[in-house]
Amino acid sequence: MITELLREALSDAAATVEHVRPLTGRVRRRRRWVIPAAVTATAVTAAMALTVVSTRPGDVTRPGDVTRTNEGALPSEVPLPMKARPPAHAPTAARWTLAAYTDAKYVLVGAGTGGEPVAVNDAATGKQIAQVPVPPGSTGYWDTAGAGDNRTFFLTSVDYKRAIVSFYRLRLNADGHPQQLSELPRATLHDGLQGEGPQLLAATNGGTKLAYVTETGAELTITHGGSSMTDDAEIRERIHIIDPRTGDQQAISLPQGTVIDELVWAPDGRALAFTEETPGNGLRTLDPATGAIRHVDLGGDDGAFRAADIGSDGDIVALTYRADGNHLVWYSLATSKITRDVPLEHSHTDQAVGPTIVGDAAVVVIGNTMYRVTGTSVRTRHVGHDIDLEGTW
Amino acid sequence: MTFDQGLASCGADRRQEAADPASHLTELFRVHHMSLVRLALLMLGDQTSAEDVVQDVYARLQRRRRSRPPADLAAYARAAVLNACRSLLRRRALMRRFVEVPQPVWSAENDVLIAEDRRRVLRALTRLPPRQREAIILRYYLNLSQAEIATSMGISPGTVKSTLSRGLTALRVQYEEE
């Protein structure tokens, strides 16, 4: 009987799964289809035809809906009573972290699943130093961003029923223990829930500006016992630029159906870079002074773009995939030109974390290999599975 | 505890669910992570894609929490993963000319311990339309009733019956041709 054979076959196939990767609330490892560049243009033509004109290389768009608000009547900062908890678990064996390689001393982990405290870990060993308790009545921490000094962090919590996003600032002592946790009431957002994807919150150096993505129209619906999530085309996202001290807010509406993530500020706050996930796919920048959004032409197909960071000189470093392998590309925001293009080894995996700028170098992990690029010099290091790639620093 | 027994027990405590349905649902994903990955693997063929699908569904659920609880958590979890598998299969069909789809665990090139006759039936199964494949997996792997399959697939019990019947007929044909 084929049904008996079928049962045995399905059981055997399912049994090949013996171990699974742990679930995480956010996706730091980017997994994209690796498409040979020569055919990518054909493959994405249909999708790009639906993309708004503004996503063509060099084009600039000025979104029609840029709103500014100020919650001036509220206090700018409300210190919360906080007694940092001791480590929840006995110290584990030392685990090497990517944060340590980027010269960070502390790394914040645990945000993104909600309801649980965030932990401050030693970046060098991965050992937990303290836990930052969840503010009373909140749903826990969902997003984190560092202010560039490895001591100041911003966090969010979300009230789903009332569609409110609250912001907090955490300061660490020199020994990594929490010094102060404050709510920033003037930064509170009331017009939608958080967006989707990793790195929806970004802070400038010094924490003078925050950027955050909210969305409306993304519903999870249950019908006749089944379920569905809204098509991306129904989603309306906004980028909020917030001054956490004054409460000044600016909201830039994106075209309907545009979904973005991986926000990163230029350290001086003059530009915000982000990844457009749909309907196009590629790197974009926002000028917060004008609300103009610009496509960043990295010299390849949009579908080959993976992730980017911005250095203190205002140059973007982006990881792209081309037919001959991965490349780190330096792009000048001032001149809108590629200033450096460094090929990396050909990789059989499309899993990558980074790039992250560290001093005059850029660091990226692809598969089990870490690349540190200084100038055009590439140093590699096999990192295996012992490295902890998660967290904010 | 089987997949369904486990999921059923998770869905049984309505008081807890009412208190925080979204966290209950995500806890269900955590507890039954491997079961959901196995289900996705049978649809997709390879473990990496299966893990990605379950991870993506979980991450999106985290981002789209709502206060309205699903009526049936077990069906909800299955349906969410199956929906995501269907989407990935559609994308694969579209991109097959341009990308190399991962080798399924039952491919001749893959070094896993599955007897050849079982590999044949699994290869035949992948040649079926996704809906037929889905119905067969739910019936013969998870041992779901027609009503439960209907709930998971969002179709009527009558359609389940005809889909299963056509699927098994097509499977026999494909198996003989393998």
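Small disclaimer: the values here were computed from a predicted structure and weren't measured.

Cut-offs applied
Residues numbered from 1 in each chain as written. Chains lettered and ligands numbered in written order. Predicted model: local features only at pLDDT ≥ 70, side-chain atom pairs only at ≥ 80, totals over all residues. Heavy atoms only, no water. Helix = DSSP H or I, 4+ residues; strand = E, 2+ residues; numbered from the N terminus. Buried < 20%, exposed > 50% of the residue type's maximum accessible area, 1.4 Å probe, protein only. Contact = heavy atoms within 4.5 Å. Phe/Tyr/Trp six-rings, centres within 6.5 Å; stacked < 30°, edge-to-face > 60°. Salt bridge = Lys/Arg side-chain N within 4 Å of Asp/Glu carboxyl O. Axes fitted to C-alpha atoms, helices over the stretch in contact; angles between N-to-C directions. Parallel < 35°, antiparallel > 145°, perpendicular 65-115°, else oblique. Nonpolar A, V, L, I, M, F, W, Y, C, P; charged D, E, K, R; others polar. Pairing = 2+ DSSP bridges. 1 Å grid on protein atoms, 1.4 Å probe; cavity = no way out; pocket = protein on both sides within 12 Å on 5 of 7 lines; lining within 4 Å. Points joined across faces, edges and corners; volume = space filled by probe spheres on them. Core = buried A, V, L, I, M, F, W, Y, C linked by side-chain atoms within 4.5 Å. Domains from an automatic or database assignment. Polar contact = N/O pair within 3.5 Å; in protein donor to acceptor, adjacent residues only side chain to side chain.

Draft legend 1. How the structure looks around the overall build of chain A. Within chain A, the regular secondary structure consists of 3 helices and 30 strands. Relative to its full complement of 393 residues, chain A shows a buried share of 54%.

Draft legend 2. Region of interest: the environment of Ile338 of chain A. Residues and elements named next belong to chain A. Along the chain, Ile338 turns up in strand E26 (residues 337–343). Taking the C-alpha atoms as reference points, Ile338 and Val317, separated by 21 residues in sequence, lie 9.7 Å from one another. Setting aside residues up to four positions removed in sequence, Ile338 forms contacts with Asp297, Leu298, Gly299, Val329, Trp330 and Tyr331.

Draft legend 3. Representation of the packing of aromatic side chains in the model. All names here are of chain A. If you walk through the whole model with that rule in mind, you get 2 aromatic pairs over all chains. Ring geometry for Tyr141 versus Tyr168: centroids 6.1 Å apart, planes at 85 degrees, classification edge-to-face. With Tyr141 in the loop between strand E7 (128–132) and strand E8 (143–146) and Tyr168 in strand E10 (residues 164–172), this pair connects stretches of sequence that are 27 residues apart. A relative accessible area of 4% means that Tyr168 is categorised as buried. Measuring from ring centre to ring centre gives 5.4 Å for Phe167 and Tyr212, while their planes differ by 85 degrees; the resulting arrangement is edge-to-face. In this pair, Phe167 is assigned in strand E10 and Tyr212 in strand E14 (residues 210–216), connecting sequence segments 45 residues apart.

Draft legend 4. How the structure looks around the pattern of salt bridges. Applying the stated criterion across every chain, the model contains 8 salt bridges over all chains. A salt bridge links Arg245 of chain A to Asp243 of chain A; its shortest N-O distance comes to 3.5 Å. When the shortest N-O distance is used, the salt bridge between Arg284 of chain A and Glu276 of chain A registers 2.9 Å. This pair shows no difference in class: Arg284 of chain A is buried, exactly as Glu276 of chain A is. The structure contains a network of salt bridges with shared partners spanning Glu8 and Asp12 of chain A together with Arg118 of chain B.

Draft legend 5. Molecular detail of the packing of helix H1 (residues 2–15) of chain A against helix H7 (residues 116–126) of chain B. The N-to-C vectors of H1 of chain A and H7 of chain B enclose an angle of 90 degrees; their axes lie 9 Å apart at closest approach. The angle between the axes of H1 of chain A and H7 of chain B places the two elements in the roughly perpendicular class. Contact residues: H1 of chain A offers Ile2, Leu5, Leu6, Glu8, Ala9, Leu10, Asp12 and Ala13 of chain A, while H7 of chain B offers Asp117, Arg118, Val121, Leu122 and Leu125 of chain B. Of the residues that constitute the contact of H1 of chain A with H7 of chain B, the class distribution is 9 nonpolar, no polar and 4 charged.

Draft legend 6. Main features of the sheet that holds strand E6 (residues 118–122) of chain A. All names here are of chain A. If you walk across this open sheet you meet the 3 strands as E5-E6-E7, and the pairing is antiparallel. Single-partner strands in this sheet number two, and they are strand E5 (106–109) and E7. The mean inter-strand angle of the sheet, taken between neighbouring strand axes irrespective of direction, is 25 degrees. One ladder, built from 4 bridges, connects E6 with E7; its direction is antiparallel. Bridged to Asn121 within E7 is Gln128.

Draft legend 7. Quick peek at the pairing of strand E22 (residues 292–295) of chain A. Residues and elements named next belong to chain A. Sheet analysis places strand E21 (residues 282–287) next to E22, joined by 4 bridges and oriented antiparallel. Residue pairing for E22: Thr285 is matched across the bridge by Arg294. Between E21 and E22, which pair antiparallel and follow one another directly, the connecting turn spans 4 residues, one of which, Gly291, has a positive phi of 80 degrees.

Draft legend 8. Region of the structure containing the sheet that holds strand E4 (residues 78–79) of chain A. Residue and element names in this part refer to chain A. If you walk across this open sheet you meet the 5 strands as E4-E11-E10-E9-E8, and the pairing is antiparallel. Single-partner strands in this sheet number two, and they are E4 and E8. Judged from the 5 bridges that link them, E10 and strand E11 (residues 178–183) form a sheet pairing that is antiparallel. Note that in E11 the partner of Arg169 across the bridge is Ser182.

Draft legend 9. Inspection of the packing of H1 of chain A against helix H10 (residues 157–177) of chain B at higher detail. It is the contact of H1 of chain A with H10 of chain B, at a shortest axis distance of 11 Å, that shows an interaxial angle of 85 degrees. The angle between H1 of chain A and H10 of chain B places the two elements in the roughly perpendicular class. Taken together, the residues of H10 of chain B that come into contact with H1 of chain A (itself represented by Ile2, Thr3, Leu5 and Leu6 of chain A) are Leu168, Leu171, Arg172 and Tyr175 of chain B. Residues of the contact of H1 of chain A with H10 of chain B, tallied by class, amount to 6 nonpolar, 1 polar and 1 charged.

Draft legend 10. Fine view of the layout of surface pockets. Residue and element names in this part refer to chain A. There is about 1100 Å³ of room inside the second largest pocket. Val264, Asp309, Thr356, Ile357 and Trp393 are, among the 45 residues lining the second largest pocket, the residues nearest its centre. Of all elements in the fold, only E8, strand E13 (201–203), strand E19 (259–265), strand E20 (272–278), strand E23 (305–310) and strand E27 (351–358) reach the threshold of two or more residues within the lining of the second largest pocket. Broken down by element, the residue count for the lining of the second largest pocket peaks at 7 residues, all from E27. For the lining of the second largest pocket, the per-class residue count stands at 22 nonpolar, 16 polar and 7 charged.

Draft legend 11. Seen up close, the nonpolar core. Within the largest apolar cluster, 56 residues are counted, with the highest numbers of intra-cluster contacts made by Phe29, Val121 and Leu171 of chain B. Both domains that meet at this core, namely domain 1 (1–102) and domain 2 (105–178) of chain B, each give it at least three residues. For Val121 of chain B, the contacting residues outside a window of four places in its chain are Ile2, Leu5, Leu6 and Ala9 of chain A together with Leu171 and Tyr175 of chain B. Counting 32 residues, the second-largest nonpolar core is a separate cluster that includes Leu189, Leu193, Leu200 and Leu286 of chain A.

Draft legend 12. Region of the structure containing unusual backbone geometry. Residue and element names in this part refer to chain A. The backbone of Asn150 sits at a positive phi, close to 65 degrees, despite the residue not being glycine. Classification of Asn150 as buried rests on a relative accessible area of 11%. Here the phi dihedral of Glu262 falls at roughly 55 degrees; this positive angle occurs in a residue that is not glycine. Along the chain, Glu262 falls in strand E19. The class of Glu262 is buried, set by a relative accessible area of 9%.

Draft legend 13. The arrangement of the environment of Gly325 of chain A in detail. All names here are of chain A. Its location among the elements puts Gly325 in strand E25 (residues 325–332). When the C-alpha atoms of Gly325 and Leu344 are compared, they prove to be 6.7 Å apart, with 19 residues separating the residues in sequence. If sequence neighbours within four positions are ignored, Gly325 has contacts with Thr320 and His346.

Draft legend 14. Layout of the side chain of Gln249 of chain A. Residues and elements named next belong to chain A. If you trace the backbone, Gln249 turns up in strand E18 (residues 248–253). Among the polar contacts made by the side chain of Gln249, one reaches the main-chain carbonyl oxygen of Thr188 at a distance of 3.3 Å. If we skip the residues at most four places from it in the chain, Gln249 touches Thr67, Arg68, Thr69, Arg186, Ala187, Thr188, Leu189, Ile241 and Ile242.

The values reported here are purely geometric and, on their own, carry no functional implication.
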